[in-house]
Amino acid sequence: MPQRHHRCRANFQGTCVVASLNPTAKLTTPASAAPLLAADVGGTHVRVGLVQPGSSASAPMQLLGYRQYRCADYPDLSSILAQFPVDRATVRECAIASAGYALPDGTVISANLPWPLSCNRIRDDLGFAAVHLVNDFEAVAHAAAHIKDGDALQLSGPASGDGPVLIVGPGTGLGAALWIPNGNRSMVLATEAGQASLSASTPLEVAVLQHMLRGRSHVAIEHALSGPGLLNLYNALCAVRDSAPAYTSPDAISAAACDGSDPLAVQALQLFCAILGSTIGDMALLYGAQGGIYLAGGILPKISPFLLNSSFVERFLNKGPMREALQRIPVKLVEHGQLGVIGAASWYLGRREIDPSAPHSAVDQAHAATRSCPASRDTSSGQFAGIHQ
């Protein structure tokens, strides 16, 4: 089946895709609503934005300011948020999208963050009235409504679909969330799909996986499909090929693969794209993602020309009799960028919209694995918001 590759109007280095805000997607709150600080926390970067809620049904929310920070340059998240220029007398709440699993005490379990994260500490350090926590790819799923159709690179399938939408992508780890339509209200299922077991489909992949299993009983999907995972694949491939590794970072490997200067780097990135295709195909079937799949994360936009010419689509479709069903699912590549920030704000404002009269500490049962840390309550007795992971 011939594939259609739609390029966006703005470009990365090479071929890439920029997801922009969709002015037709509205989130409205009372006109008196104050700006909200929103942050997308990854293992490498923290992206922070100041969001102004819409004042009416015809006014979308606005991103008033946006900055990106390197995690390694700061001792904790409070120090990063303190650097963002806002009037703290008027900005009283913060919504944080973070990789990992939120616990009832407001802390986050994550294998990828460089320092502990606690919304209680951030609230106390910076004087917020409340800090709200949501899974990072759950936030990206909430931002899906703000992606214009023309601002994504079509990899497979038709232009649009009908049903649940899967958002998945490799960065420092592998994140995934499912957006589920439900009449006038949608819900998002956050997952830890990156921690599921990695599988192999070819003799070479079996050999690489066997090498990665040395000294451990479990190889997670994100041990291959992430920035560190690409390095793991490359090192395992070098061991299988009995060659000394020439590169020590995923950026160096992907650069050498994209310019074709190193055969082992090329093969490692080919493995990455092939395994990604198989994994996304599995997820599409497991989650029933008939509405489409958005590929996000920090890696894929940088290697989009390579991805387009890889076996990704063929491996995605290679599911026996389910091939025809997968051909009907739109698969698109979007640049992560501001999506996490927009999504964190969208998630919180959407939750407030469900019950505008509720106090800021209220937790709606329709959302997943999230945490609010208001200054006025004992968070140890609170609840998660929604569908438990």
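Provided above is the structure to which this section pertains.
Residues numbered from 1 in each chain as written. Predicted model: local features only at pLDDT ≥ 70, side-chain atom pairs only at ≥ 80, totals over all residues. Heavy atoms only, no water.

**Student:** Residue-level account of the overall build of the chain, with values.
**Tutor:** Counting its regular elements, the chain contains eleven helices and 14 strands. Taken across its 389 residues, the chain has 54% of its residues classed as buried. Partitioning the contacts of the chain with sequence separation of at least 6, the portion at a separation of at least 24 is 69%. On the chain, roughly 16000 Å² of surface is accessible, and the fraction owed to carbon and sulfur atoms is 51%. (Helix = DSSP H or I, 4+ residues; strand = E, 2+ residues; numbered from the N terminus. Buried < 20%, exposed > 50% of the residue type's maximum accessible area, 1.4 Å probe, protein only. Contact = heavy atoms within 4.5 Å. Areas by Shrake-Rupley, 256 points an atom, 1.4 Å probe, with all protein chains shown as cover.)

**Student:** Give me the lowdown on the packing of helix α6 (residues 250-258) against helix α7 (residues 263-287), citing residues and values where you can.
**Tutor:** Running from N to C, α6 and α7 cross one another at 105°; their axes reach a closest spacing of 8 Å. Comparing the axis directions of α6 and α7 gives the class roughly perpendicular. For the pair α6 and α7, contact is made by Ile253, Ser254, Ala256, Ala257 and Cys258 and by Ala265, Val266, Ala268 and Leu269, respectively. A per-class count over the contact of α6 with α7 returns eight nonpolar, one polar and no charged. (Axes fitted to C-alpha atoms, helices over the stretch in contact; angles between N-to-C directions. Parallel < 35°, antiparallel > 145°, perpendicular 65-115°, else oblique. Nonpolar A, V, L, I, M, F, W, Y, C, P; charged D, E, K, R; others polar.)

**Student:** Lay out the side chain of Ser118 with the relevant residues and their values.
**Tutor:** Structurally, Ser118 is set in the loop between β6 (108-109) and α2 (119-126). Judged by its relative accessible area of 19%, Ser118 is buried. Setting aside chain neighbours within four positions, we find Ser118 in contact with Gly106 and Thr107.

**Student:** Could you give an account of the packing of aromatic side chains, naming the residues involved and the relevant values?
**Tutor:** In the structure shown here, the tally under the stated rule is four aromatic pairs. Ring centres of Tyr234 and Tyr247 lie 5.9 Å apart, and the angle between their planes is 50°; on these two criteria the pair is classed as tilted. Placement of the pair is Tyr234 in helix α5 (residues 227-240) and Tyr247 in the loop between α5 and α6, with a sequence separation of 13 residues. Tyr234 gets classed as buried once you look at its relative accessible area, which sits at 1%. With a centroid separation of 6.3 Å and an interplanar angle of 50°, the aromatic rings of Trp347 and Tyr348 are classed as tilted. As far as burial versus exposure is concerned, Trp347 and Tyr348 are alike and both buried. (Phe/Tyr/Trp six-rings, centres within 6.5 Å; stacked < 30°, edge-to-face > 60°.)

**Student:** Run through the environment of His218, naming residues and quoting values.
**Tutor:** When you line up the elements, His218 lands in the loop between α4 (203-212) and α5. When the C-alpha atoms of His218 and Leu198 are compared, they prove to be 8.3 Å apart, with 20 residues separating the residues in sequence. Setting aside residues no more than four positions away along its own chain, His218 makes contact with Gln195, Ala196, Ser197, Leu213 and His223. At 3.1 Å, the side chain of His218 and the backbone oxygen of Gln195 are in polar contact. (Polar contact = N/O pair within 3.5 Å; in protein donor to acceptor, adjacent residues only side chain to side chain.)

**Student:** Report on the sheet that holds strand β12 (residues 292-295), specifying residues and quantitative values.
**Tutor:** Read from one edge to the other, the open sheet built from six strands follows the order β8-β13-β12-β9-β10-β11, with strand pairing classed as mixed. Bordering the open sheet on either side are β8 (153-156) and β11 (187-190), each of which pairs with just one other strand. Pairwise comparison of adjacent strand axes, ignoring direction, gives a mean angle of 25° for this sheet. Relative to strand β13 (residues 331-333), β8 runs antiparallel, the two sharing three bridges. In the strand pairing of β13, Leu153 is matched with Leu333. Taken strand by strand, α7 contacts β9 (165-170), β10 (174-180) and β12, and its axis lies near 155° from that of β9. (Pairing = 2+ DSSP bridges.)

**Student:** Tell me what's going on with the pattern of salt bridges, and back it up with residues and numbers.
**Tutor:** This structure, assessed with the given rule, holds nine salt bridges. The shortest N-O distance in the salt bridge between Asp282 and Lys319 comes to 2.6 Å. With Asp282 in helix α7 and Lys319 in the loop between α9 (312-317) and α10 (323-327), the pair connects residues that are 37 residues apart, well separated along the chain. Several salt bridges converge on common partners, so that one network encompasses Asp76, Arg121 and Asp125. (Salt bridge = Lys/Arg side-chain N within 4 Å of Asp/Glu carboxyl O.)

**Student:** Describe the state of the cysteines, listing the residues and the values that go with them.
**Tutor:** This model, assessed by the stated rule, comprises zero disulfides. Counting only cysteine sulfurs, Cys273 is the nearest neighbor of Cys258, a cysteine outside any disulfide, at a range of 8.4 Å. (Disulfide = S-S within 2.5 Å.)

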